[in-house]
There are 2 protein chains.
Amino acid sequence: MGLSRRQFITRVGAAGGYSAAFTMMQSLGLMPIADSVAQTPVKVDGQGTKVVILGGGIAGLVSAYELRKLGYDCTVLEARSRVGGRNWTIRKGTEVEFTDGTKQSCQFDDGHYFNAGPARLPSIHKNMLGYCRELHVPLEVEVNTSRSARMQADKLNGGIAVEQREVVNDTRGHVSELLAKCVSKGQLDEDITAGDREQMLAFLRKYGDLTPEYKFKGTERSGYKVFPGAGNVTSIEREPLSMDELLSADLWEGMLAEDIIDWQATMFQPVGGMDQIPKAFAASLGAIIRHDADVQEIEQGEKGVRVTYRNTRTGKTETINADYSICAMPLTVLAKTKNNFSNDVKTAIAASSYDSAYKVAWEGPRFWEQEFNVYGGLSYLKQDVGIVWYPSWGMFSPRGVLVSGYGVENGTPFGSLPSMQAKLDASRRAVELLHPGCGAKLGNPVYVSWGHIPYNLGSWISGFGRKEHTEYETLLKPDGRVYFAGDHTSHLVGWQEGAALSAIRATNMIGSRVSQRSSDAA
Amino acid sequence: MGLSRRQFITRVGAAGGYSAAFTMMQSLGLMPIADSVAQTPVKVDGQGTKVVILGGGIAGLVSAYELRKLGYDCTVLEARSRVGGRNWTIRKGTEVEFTDGTKQSCQFDDGHYFNAGPARLPSIHKNMLGYCRELHVPLEVEVNTSRSARMQADKLNGGIAVEQREVVNDTRGHVSELLAKCVSKGQLDEDITAGDREQMLAFLRKYGDLTPEYKFKGTERSGYKVFPGAGNVTSIEREPLSMDELLSADLWEGMLAEDIIDWQATMFQPVGGMDQIPKAFAASLGAIIRHDADVQEIEQGEKGVRVTYRNTRTGKTETINADYSICAMPLTVLAKTKNNFSNDVKTAIAASSYDSAYKVAWEGPRFWEQEFNVYGGLSYLKQDVGIVWYPSWGMFSPRGVLVSGYGVENGTPFGSLPSMQAKLDASRRAVELLHPGCGAKLGNPVYVSWGHIPYNLGSWISGFGRKEHTEYETLLKPDGRVYFAGDHTSHLVGWQEGAALSAIRATNMIGSRVSQRSSDAA
């Protein structure tokens, strides 16, 4: 999942070189941006300047969209017949082909889909929301947290799944009771004044829903054994889960997922699938995009960049010349593409390594809604498959698509499973553990493993070689007339927002150069 | 707000009389229902039995809907020209008239609305969701929690509003640090074994996002001073709020609102307004509903019930006779209606007291989305107006309606404000405190105070007199041929689900009597 990668990359970047003055000004809130390159599009006259953009993922599309606004003559070379790159929505008839020749053809009902790549837009990702607004891509709420979603670990509740509300609220109850005990005994008197002590105890009673004696005996927040009703139907609370079991179960990552900054409510998804975004860019860009253009070689000289590509429909080799290039291909693919980049850039590209994230999706009746009262959100398990993700579209309809399994394959137990069948079995088992009796109701599985998808060969960058910040810094600078873009040149690795910001950054760097050149000529 | 009322009533009910055997069976999970009357509709042949239902709120509508399914001949008497009771959606042209003659006419843009009564459907309220499904009322997600929503207290951050993510995550950070300190020092060794101690520390580090030394120094979860971006734009975390200030600010009620059982995600709202539900019932029931029928007198004898009502359109007095009646009027209104109920029932009704909840809504540009990145959810303040509630409909459109102020007026500082203007000023001030510079952008206010709305005269029951469970029990039993329904005869006071369950309960009681009579006759 994105987080650890992003944090890793953030560290890489933090170790790199922006000046102390900038940092201080930012700390004081005087500057919104910490880069020498603006993050919002800068106005420049692009007329007469030709830019070839390699890759029609979000970074490539945003680059073309911003450059076109400024009058540049630009072209996007995209190897596939579709745009979007990792932004890929799978529907009935979509063919999933791996690099090893494995083929799947999606058999979903009409109108059903799953987003194999990015599947949520946090509201703090303002550039992506802005593009959706500008391109009239309707958004709907993506329910990323539901208290009715479930959690399962063999060490908790005898392996029987519980609701997220129990884990969240019982944990908070136990923590509050333990801390109240210490506060009552005066064990924190160094930290807490007498007045604060009373306030702290009053707070802990509310925080954990403790008894007047500061004991945690269970809470209505964790749900009911018997729901309150009419007449004499009074509610009966559940017995709380024990802290011992909660500690052993170690479901903390899932429980705290709702507070990962990029996963916090409110989140969105485009109505009808994430690919509505690249489709809207493509509709706007029109002939600027050349499809089926598999880049073979990138050559630059003093006067321009020449890109050779194979038209995969006709089989013919074609070339395009431009003043500049924005290279928005994954580094995994770039590493296999002939080029005359500098040695530093070649070294950085070669040193990069990528994670292979996967998702498994299934179609079935909406038992999660109808029988388990789960509407959207994610369930978490301590199993080889650790995430089951419910659809936020089509709620209350008879059937839907759920994702059982989302994570990294490299170096994980799931990735070590011997076959696709074993992986599908593990995926189905996760659903069965969460929703007993329902695993068998699932059909039409689709398994996407990004490391095996041609033209991606990975999901997101996991790091560079030994000199990480040097390599990251190298790719932030243009190599002659070539500018690098993509989420791997951002601190939002694995997010479309990172790709978009990197593209704006690249177009701004080209803009500075063009305006410099114009003023030199004047 | 509903919670304390419901808890109150739950206590009332719990003190009442269902048998120990039932309780035990429920505890063992052997019975889903704790009442002698089933909570799901029971099949009975209602042909030839006439029932008059008083009040076309949710309880009355559900009663008619269920009885009609069983073949009963039923009629709903509704005093207003609309159905729904407290379920009331206000739009352009809606007239809001108080009992004291104060009049407001809503001036919103076309398509804009606010739900003056219930405004959310928790997914655990399965009966209401079921009726929406059955009646084809489309639902959409009601965002009840957003980490970008704001919190404000004069004692916190110099009175400058902060984001909910800061209060939630900084509080958890401080709590974790304090508890980790006690655990490290061995102060909980009575409660925690050595092995658990390590697990507990590892957990607290994750829970609070502590440093390796178990200190809380702030967390990315609380948001950024500088957002991570492309290139060298690394994020800078916010300084954490201090626990001292958090304790003084006492924003706990708002912070914990997301874990109130009926407010937990996932929640819904009907597309286009809550009144889509009563409208759908009305469309299904057709001529069963008599509008403009202001009940004047309820008289019952051995053979039937006779209800006299004034047709408020024609001014004529009319009567209707039936075998049974379901009385689903608020007790406030019933208390003023002539009747020949038993003394116990009259006493119970007279002893009831109701809260007067209010809402204030405003129309304006969506500055909360565009400038403050808030999409749905509720902000909380420690001010006379303590809640600002953002619309979950029409996100990303230019203008919308927000509710600034939702709470009880009786016995509160808001209720004590001297005039409607003073209340509107307090409402606008809350928005200004949360969104500086934006209070003045609001217009077209609508103030609804349920205690002053004819035919409601209150929002929900707050209690009875001195013998509370006796009085509650009294209303659970039929008084001769009259059965009482409404959320006040449930443990879900203030919720449509309580009204629906009470209605199903009343129809089942009539069903038992009808089938008993049939078998007696046979």
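Here goes a summary of the coordinates provided. On a predicted model such as this, the values are computed, not experimentally measured, just so you know.

Calculation rules
- Residues numbered from 1 in each chain as written.
- Chains lettered and ligands numbered in written order.
- Predicted model: local features only at pLDDT ≥ 70, side-chain atom pairs only at ≥ 80, totals over all residues.
- Heavy atoms only, no water.
- Pairing = 2+ DSSP bridges.
- Helix = DSSP H or I, 4+ residues; strand = E, 2+ residues; numbered from the N terminus.
- Least-squares fit on C-alpha atoms with pLDDT ≥ 70 in both.
- Buried < 20%, exposed > 50% of the residue type's maximum accessible area, 1.4 Å probe, protein only.
- Axes fitted to C-alpha atoms, helices over the stretch in contact; angles between N-to-C directions.
- Parallel < 35°, antiparallel > 145°, perpendicular 65-115°, else oblique.
- Left-handed = near helix turned anticlockwise from the far one by under 90°.
- Contact = heavy atoms within 4.5 Å.
- Phe/Tyr/Trp six-rings, centres within 6.5 Å; stacked < 30°, edge-to-face > 60°.
- Lys NZ or Arg CZ within 6 Å of the ring centre and 35° of its normal.
- Core = buried A, V, L, I, M, F, W, Y, C linked by side-chain atoms within 4.5 Å.
- Buried area = accessible area lost by both parts, 1.4 Å probe.
- Salt bridge = Lys/Arg side-chain N within 4 Å of Asp/Glu carboxyl O.
- Polar contact = N/O pair within 3.5 Å; in protein donor to acceptor, adjacent residues only side chain to side chain.
- Nonpolar A, V, L, I, M, F, W, Y, C, P; charged D, E, K, R; others polar.

Quick look at the sheet that holds strand E2 (residues 73-77) of chain B now. All names here are of chain B. Reading across the sheet, the five strands line up as E14-E2-E1-E18-E27 and stay open at both edges, with parallel pairing between neighbours. Each edge of the sheet is formed by a strand with only one pairing partner; in this case those strands are strand E14 (289-290) and strand E27 (482-484). Two strands pair when backbone bridges link them, and strand E1 (residues 50-54) and E2 are joined in this way by five bridges, in the parallel orientation. Across the sheet, Ile-53 pairs through a bridge with Val-76, a residue of E2.

Looking now at the relation of the copies chain B and chain A. In this arrangement, two copies of a chain are superimposed by a rotation about an axis accompanied by a shift along the axis. Superposing chain B onto chain A takes a rotation of 180 degrees plus a shift of 0.0 Å along the axis, which leaves an RMSD of 0.0 Å. One copy is carried onto the other by what is essentially a two-fold rotation axis. Among all C-alpha atoms of chain B, that of B:Leu179 lies closest to the rotation axis, at 2.8 Å.

Those residues of helix H4 (residues 126-134) of chain A that fall on the buried side of the exposure criterion are A:Met128, A:Leu129, A:Gly130, A:Tyr131 and A:Cys132. One or two positions beyond H4(A), positive phi appears at A:His136, with a value near 55 degrees.

Strand order in the open sheet made by the seven strands is E10-E9-E22-E23-E24-E21-E25 (chain A), with mixed pairing throughout. Edge positions in the sheet fall to strand E10 (162-163) and strand E25 (443-449) of chain A, since each has one partner strand and no second.

A separate point is the packing of helix H6 (residues 194-208) of chain A against helix H5 (residues 164-184) of chain B. The geometry of H6(A) relative to H5(B) is characterised by a closest axis approach of 13 Å and an angle of 110 degrees between their N-to-C directions. Classed by the angle they form, the pair H6(A) and H5(B) counts as roughly perpendicular. The handedness of the crossing between H6(A) and H5(B) comes out as left-handed. Along its contact with H6(A), which presents A:Met200, A:Phe203 and A:Tyr207, the element H5(B) presents B:Thr171, B:Arg172, B:Val175 and B:Leu178.

Next up on the list: the packing of aromatic side chains. Enumeration according to the criterion identifies 36 aromatic pairs over all chains in this entry. Here A:Phe268 and B:Tyr375 contribute two aromatic rings whose centre-to-centre distance is 5.2 Å and whose plane-to-plane angle is 80 degrees, an arrangement assigned as edge-to-face. Placement of A:Phe268 in strand E13 (residues 267-270) and of B:Tyr375 in the loop between helix H12 (367-370) and strand E22 (378-381) is noted, with the two residues assigned to different chains. B:Tyr375 carries the same exposure label as A:Phe268, and that label is buried. Taking the centre distance of 5.6 Å and the plane angle of 80 degrees together, the rings of B:Phe98 and B:Tyr447 count as edge-to-face. In this pair, B:Phe98 sits in the loop between strand E4 (95-97) and strand E5 (103-105) while B:Tyr447 sits in strand E25 (residues 443-449), placing the two residues 349 residues apart along the sequence. Owing to a relative accessible area of 3%, B:Tyr447 belongs among the buried residues under this scheme. One aromatic cluster in this structure is built from A:Tyr65, A:Tyr131 and A:Phe281. Note that A:Lys126 overlies the ring of B:Phe227, its terminal NZ or CZ placed 5.5 Å from the centroid. For the cation-ring pair, B:Arg366 lies above B:Trp393, with the distance from its terminal atom to the ring centre recorded as 5.1 Å.

Moving on to the nonpolar core. Counting residues in each nonpolar core, the largest one holds 234 residues, and the members touching the most others are A:Phe114, A:Val448, B:Phe114 and B:Val448. When residues no more than four places from it in sequence are discounted, the contact partners of B:Val448 are B:Trp88, B:Ile90, B:Val96, B:Phe98, B:Phe114, B:Ala116, B:Ala357, B:Tyr358, B:Lys359 and B:Ile453. Counting residues in each nonpolar core, the second largest holds 102 residues, with A:Ile53, A:Val76, A:Ala500 and B:Ile53 among its members.

At the interface, 94 residues of chain B touch 93 residues of chain A. Between chain B and chain A lies a buried interface of about 8400 Å² when both sides are counted; carbon and sulfur atoms form 59% of it. A per-residue breakdown of the area chain B buries against chain A is headed by B:Asn232, B:Asp259 and B:Phe396, which together make up 8% of the total. Seen at the junction of chain B and chain A, the total is ten salt bridges. Taken together, the connections running from chain B to chain A amount to 32 residue pairs in polar contact (both at pLDDT 80 or more). Ranked by residue count, the leading element in the side of chain B that touches chain A is H5(B), at ten residues. Per-class residue counts for the side of chain B that touches chain A are 43 nonpolar, 30 polar and 21 charged.

Glancing now at the pattern of salt bridges. Overall, the coordinates contain 50 salt bridges over all chains when judged by the stated rule. Here B:Asp487 makes a salt bridge to B:Arg86, at a shortest N to O gap of 3.2 Å. Here B:Asp487, found in the loop between E27 and helix H16 (496-521), pairs with B:Arg86, found in the loop between E2 and strand E3 (89-90); they are 401 residues apart in sequence, far enough to count as distant. In terms of burial, B:Asp487 and B:Arg86 fall into one category: buried. Within the structure, one salt-bridge network assembled from shared partners comprises A:Arg147, A:Arg172, A:Glu258 and B:Asp259.

Fair warning: the whole summary comes from geometry, so function is off the table for now.
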